[in-house]
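The residues making up each chain are set out below.
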Amino acid sequence: AQALSGYMACADPASVPDGGGCPIVEGMGDGAVCSSGHCGIADVFMGFVQLGVCGECSLDSDCADGLTCMPAQAGMGGLQGPTCG
């Protein structure tokens, strides 16, 4: 998990590692800046605030057979991008 930071910055395409921030565009995570190509949305404060987080997957089909794409999470330990599990 990566700690939250309080600023926005430009990022080159495919330059942000898993756990890093990514933009939310029209209600969807935009994975263009993510090295994995996947951006999940983590709910903060019971869904009132949403943050984009780079991770391993966007859909179950991005994971190996039988694995499920678990959503991004935000908590006291920071951000965690979506993972296959």
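Our structure's up above, just so we're on the same page.
The structure displayed is predicted, hence computed values, not measured ones.

(A) Focus on the state of the cysteines. Under the defined criterion, the tally for this structure stands at four disulfides. Through a disulfide, Cys22 is tied to Cys39; the S-S separation comes to 1.9 Å. Its S-S torsion of about 85 degrees marks the bond between Cys22 and Cys39 as right-handed, since a negative value means left-handed. Taken as a pair, Cys22 in strand 1 (residues 21-22) and Cys39 in strand 4 (residues 38-44) lie far apart in primary sequence, 17 residues in all. Residues Cys22 and Cys39 agree in their burial class; the two are buried.

(B) Highlighting the environment of Thr83. Inspection of the secondary structure puts Thr83 in strand 9 (residues 83-84). Distance in space between the C-alpha atoms of Thr83 and Ala9 is 24 Å, their sequence separation being 74 residues.

(C) Seen up close, the side chain of His38. Here His38 lies in strand 4. Classification of His38 by relative accessible area gives buried; the value is 16%. Looking at His38, its side chain comes within polar contact range of the side chain of Ser58, at 2.9 Å.

(D) Inspection of the nonpolar core at higher detail. Within the largest apolar cluster, six residues are counted, these being Val16, Cys22, Val33, Cys34, Cys39 and Cys54. Each residue touching Cys22, except ones within four places of it in the same chain, is listed here: Asp30, Val33, Cys34, Cys39, Gly40, Gly52, Val53 and Cys54.

Cut-offs applied
- Residues numbered from 1 in each chain as written.
- Predicted model: local features only at pLDDT ≥ 70, side-chain atom pairs only at ≥ 80, totals over all residues.
- Heavy atoms only, no water.
- Disulfide = S-S within 2.5 Å.
- Helix = DSSP H or I, 4+ residues; strand = E, 2+ residues; numbered from the N terminus.
- Buried < 20%, exposed > 50% of the residue type's maximum accessible area, 1.4 Å probe, protein only.
- Polar contact = N/O pair within 3.5 Å; in protein donor to acceptor, adjacent residues only side chain to side chain.
- Core = buried A, V, L, I, M, F, W, Y, C linked by side-chain atoms within 4.5 Å.
- Contact = heavy atoms within 4.5 Å.

Spatial relationships are all this shows, so hold off on functional conclusions.
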